[in-house]
Amino acid sequence: MEPGQCSGTKETDGDVWAKLVPTDSSYPVIEIRSQDTIICSEVTPSSIDKSKWCEIKRCPDKDSTMIRSTSSFLCFIYPISYGSSLSAIIVDGTVVGEEAVDIKSGSEIISGPDRSGYLSYIFEVILFQQRDSKSLQISIDVEHAKCSICLNLWHDVVTVAPCLHNFCNGCFSEWLRRSSTRSHGKNQSVICPQCRAIVHSVGRNHFLHNIEEAILQTFSSLKRSDEDIALLDTYASIKSNLILGMQKNPPKKRPLTFASDESNDMELPCPQCGAELGGFRCSLTTAHLQCEGCGGRMPSRPESGVLQNCLGCDRAFCGVYWAAQGVDADEFNVICHPDTFKPISQRTISRIPDSTHQNNRYEREITERCIQQTGKTLQAMISDWIVKFVNREIDRTNLQLKHAEKISSRTYLCNDCYNKFIDYLLYWFRVSMSRLLLPRDASERENCWYGYLCRTQHHSDEHARKRNHAQVIFFCVGQERLSQCFDSSSALLIPVSC
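Here is a short report on the structure shown in this document. Values in this document were obtained by computation on a predicted structure and should not be read as measured data.

1. Some details on helix 9 (residues 361–374)
Move 1: Here helix 9 is 14 residues long and its end C-alpha atoms lie 20 Å apart, about the 20 Å a rise of 1.5 Å per residue gives.
Move 2: Of the positions making up helix 9, those classed as buried are Y362, E363, R364, I366, T367, C370 and I371.
Move 3: Among the structural elements, helix 8 (356–359), helix 10 (378–390), helix 11 (415–432), helix 12 (440–443), helix 13 (461–466) and strand 22 (467–468) are those in contact with the buried residues of helix 9.
Move 4: Capping the start of helix 9, N360 holds a side-chain oxygen 3.0 Å from the backbone nitrogen of Y362, two or three residues further along.

What follows is the structure, given as structure tokens:
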């Protein structure tokens, strides 16, 4: 049997944005393309002829879909016995004539005025993305992008393993909390709310998060209210990968054994799985975080008030937690060095990080000479700019850290995020300097049009040396090219039309 089709265009005309899936699998799926409106397919099981029986049109805002019956084929086939009543179809149990009505993904459509004797279809909307000729084209059924707990589109989507089902962060976090509460410390595993399989780990899925945002841009009606989103965010507790319970074959990277414990020298995920430390001992259902610094594990305990995740990247680090539990690093050999994760105010710096100025060593050397001209040490200069940052004398918009607006001198950052923070402060230090105060060889250089975002500086030493990359940068907003200009009196970014 030939595939179902829409009338008026060839198969290659337009993108497939929706489809009609027959409830009888012996009939083909009807693809609806952007250039088509009239549906032409089989209508009754007893006839193999194709007829135009309805029109499905996507509204200009692409946020709603309308359907109406086209009756000419019905009156032609059964002009006497049924008369004009055959001008109707059934949509979600409601008889629809030539007046268009709204339909949504999942709506049931009967190709005639009666359930018996006519084919039944399910309407499904498909998300289709094509950003440019080199981008990957993705077709997605919106119904497959919904959380099976709240039955809405994902929000801050997380994926569980090994079954790979997806849920809202807030929904699964609440499921995890209730599962732990119901177990009452008993050795019960966390199960997937969709397939009931045992869940070994869960983590945020950044790829699907981008898909989620693309769907909302196409179908804004699927967006939840601000109140619902705020409530979900309060439930969300998954910031990095969580390891749930004890696995049958735990990793052998860092075994922990306790000779006096009843575990009989079995390998344990973390010290608190083998003994009570700091008034806490892990149960079999306790979720664990894997430290990004040392690879070890610690129980996920947001209720303890002890910081376990870096605010700049949301990754987990164990040093602060184990120190709060009184765990001796020399005894267990499982915690990071204290300098791996600490507040900004407690950090000291004696040299400019290699990653500063996009790894451009020429810019770093110029910055070092500029600091020497001020008569201050690097630590003193950084301390001054931290004060300006905290007092919001410099803009935070382009700081490449998560939760940039929440960062203060008391914020705990990992080493990578701290280096990015220092890079940002040194960038502002450079662009705030008058060109007259720069070393002569630096002031005579021409500006690179791309500024610090330039990629040529990474592979061309000559370009990195001859062009100034610590400067204002240009970017496009709509059709207007703007520049980020620095006002030395207020130290704020001011967008100015070029």
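The structure having been displayed, the exposition proceeds.
2. A few points about the sheet that holds strand 16 (residues 242–244)
Move 1: The antiparallel open sheet is built from six strands, whose spatial order is 14-13-15-16-17-18. Sheet topology places strand 14 (166–168) and strand 18 (297–299) at the edges, where each strand pairs with a single neighbour. Neighbour-to-neighbour, the strand axes of the sheet open up by a mean angle of 30 degrees, direction not taken into account.
Move 2: Alignment of strand 16 against strand 17 (residues 287–290), held across three bridges, turns out to be antiparallel. Following the sheet pairing, L242 is matched in strand 17 by L289.

3. A few points about the side chain of N468
Move 1: Along the chain, the position of N468 falls in strand 22.
Move 2: Owing to a relative accessible area of 6%, N468 belongs among the buried residues under this scheme.
Move 3: Here the side chain of N468 touches A470 through a polar contact of 3.2 Å, landing on its backbone nitrogen.
Move 4: N468 has contacts with E363, R430, R435, R445, E446, N447 and C448, leaving out every residue within four places of it along the chain.

4. Notes on the nonpolar core
Move 1: Core analysis: the biggest nonpolar cluster contains 108 residues, and L20, W53, I56, I109, F123, F172 and I382 have the highest contact counts within it.
Move 2: A total of 11 residues in this core trace back to one element, the largest contributor, which is helix 11.
Move 3: If we skip the residues at most four places from it in the chain, F172 touches I149, V158, V160, F167, P193, V199, V202 and I238.

5. Details of the environment of T374
Move 1: The residue T374 is located in helix 9 in this model.
Move 2: The exposure class assigned to T374 is partly exposed, which follows from its relative accessible area of 38%.
Move 3: For the pair T374 and L437, spaced 63 residues apart in the sequence, the C-alpha separation amounts to 9.9 Å.
Move 4: A distance of 3.3 Å separates a polar side-chain atom of T374 from the backbone nitrogen of K376.

6. Focus on the packing of helix 10 against helix 11
Move 1: Relative orientation of the contacting elements helix 10 and helix 11 amounts to 90 degrees, with a least axis distance of 10 Å. By the angle between their axes, helix 10 is roughly perpendicular relative to helix 11. Along the contact surface, helix 10 presents L378, M381, I382, W385, I386 and F389, while helix 11 presents F421, I422, L425, L426, W428, F429 and S432.
Move 2: Its residues placed into classes, the contact of helix 10 with helix 11 shows 12 nonpolar, one polar and no charged.

7. Concerning the side chain of E124
Move 1: In this structure, E124 sits in strand 11 (residues 120–129).
Move 2: Classification of E124 by relative accessible area gives buried; the value is 17%.
Move 3: Ignoring any residue separated from it by four or fewer positions in sequence, one finds E124 in contact with A18, K19, V21, S105 and D141.

8. Let's talk about the packing of aromatic side chains
Move 1: Going through the model one piece at a time under the given rule, you end up with 11 aromatic pairs.
Move 2: Centroid distance W17 to F123: 6.2 Å. Interplanar angle 70 degrees. Geometry classified as edge-to-face. You can see W17 sitting in strand 2 (residues 16–22) and its partner F123 sitting in strand 11, a full 106 residues away along the chain.
Move 3: Given a relative accessible area of 4%, W17 falls into the buried group.
Move 4: Where Y424 meets W428, the ring centres are 6.3 Å apart and the plane angle is 75 degrees; that geometry is what we call edge-to-face. Of this pair, Y424 and W428 both sit in helix 11, four residues apart, which is roughly one turn of the helix.
Move 5: Under the relative-accessibility criterion, Y424 is labelled buried at 8%.

9. A few points about the pairing of strand 2
Move 1: Of all seven residues that make up strand 2, five are buried, and the element is covered over most of its length.
Move 2: Where strand 2 and strand 3 (residues 30–33) come together, four bridges link them in antiparallel fashion. By the bridge assignment, K19 is partnered in strand 3 with E31.

Conventions used here
Residues numbered from 1 in each chain as written. Predicted model: local features only at pLDDT ≥ 70, side-chain atom pairs only at ≥ 80, totals over all residues. Heavy atoms only, no water. Helix = DSSP H or I, 4+ residues; strand = E, 2+ residues; numbered from the N terminus. Expected span 1.5 Å × (residues − 1). Buried < 20%, exposed > 50% of the residue type's maximum accessible area, 1.4 Å probe, protein only. Contact = heavy atoms within 4.5 Å. Polar contact = N/O pair within 3.5 Å; in protein donor to acceptor, adjacent residues only side chain to side chain. Pairing = 2+ DSSP bridges. Axes fitted to C-alpha atoms, helices over the stretch in contact; angles between N-to-C directions. Core = buried A, V, L, I, M, F, W, Y, C linked by side-chain atoms within 4.5 Å. Parallel < 35°, antiparallel > 145°, perpendicular 65-115°, else oblique. Nonpolar A, V, L, I, M, F, W, Y, C, P; charged D, E, K, R; others polar. Phe/Tyr/Trp six-rings, centres within 6.5 Å; stacked < 30°, edge-to-face > 60°.

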